[in-house]
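# Tertiary structure, described
Okay, here's what each chain looks like letter by letter:
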Amino acid sequence: SCPALSNGLASSNGLKEGSTHTTRTNVTSLYKPRKGHRHFKSRSEDCIFESTKEEVRAKQTWLQRVTRSWHYEWFSGFLIVSNSIFIGYQTQTHAHDSASRVADGLP
């Protein structure tokens, strides 16, 4: 796993501003999984060194690698935008059809 996470450090530099000094913050105090939920797994992007990134990637499942890729993010974004355009078109068509039916005196 990533050294920053395994050493119990939080934030980008592992330091938390104190009133008179800086202190290290323990990650376990920031993340407490609920009963029945999996523990936090580090992401390769959270690691600084290439060797630790490769180590984290090796431990990820196929689904984790797919869903964290930029291809998946772009495809998901495309689907969301396409769906919103379709919903807008469908709503406009139904509104136009309803207005035409009312103008013709149909229910």
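Quick caveat: nothing in here was measured; it's all calculated off a predicted structure.

So, on to a nonpolar patch on the surface. A cluster of nonpolar residues, Phe-75, Phe-78 and Leu-79, forms a patch on the protein surface that exposes about 340 Å² of accessible area. Tracing the backbone through its elements, the reader meets Phe-78 in helix H5 (residues 70–103). Of the residues examined, Phe-78 reaches a relative accessible area of 55% and is grouped as exposed.

Applying the stated criterion to the full structure yields three salt bridges. When the shortest N-O distance is used, the salt bridge between Glu-55 and Lys-59 registers 3.9 Å. Of this pair, Glu-55 and Lys-59 both sit in helix H3 (residues 50–59), four residues apart, which is roughly one turn of that helix. One network of salt bridges, with partners in common, ties together Glu-50, Glu-54 and Arg-57.

A separate point is the confidence of the model for the protein. On average, residues of the protein score 74 in pLDDT, and 58% of them reach the 70 mark or higher. Mean pLDDT per element in the protein: helix H2 (residues 27–30) is the minimum at 43, and H5 is the maximum at 96. The low-confidence segment residues 7–31 (pLDDT under 50) makes 29 contacts with residues lying over four places distant or belonging to another chain.

Quick notes on the rules
- Each residue is numbered by its place in its chain's sequence as written, counting from 1.
- Two thresholds apply to this predicted model, a pLDDT of at least 70 for residue-level local features and 80 or more for giving and counting side-chain atom pairs, whereas whole-chain, interface and lining totals are computed over all residues.
- Only hydrogens and water are set aside when side-chain values are computed; all heavy atoms of the structure are taken into account.
- Like charges are joined within 9 Å and nonpolar side chains (Val, Leu, Ile, Met, Phe, Trp, Tyr) within 5 Å, but only among residues with over 30% relative accessible area and no salt bridge; these make up the patches.
- Under the convention used here, a 1.4 Å probe and the Shrake-Rupley method define accessible areas, while residue burial counts only the protein chains that appear.
- Salt bridges are counted wherever a side-chain nitrogen of Lys or Arg sits within 4 Å of a carboxyl oxygen of Asp or Glu.
- Here a strand is any run of E in DSSP of at least two residues, a helix any run of H or I of at least four, and the numbering for each starts at the N terminus.
- Only protein chains enter the accessibility calculation, which uses a 1.4 Å probe; a residue whose area is less than 20% of its type maximum is buried, one above 50% is exposed, and one in between is partly exposed.
- Residue-level confidence of the predictor, termed pLDDT, takes values from 0 up to 100.
- Throughout, a contact is declared for two residues whenever any of their heavy atoms are within 4.5 Å.

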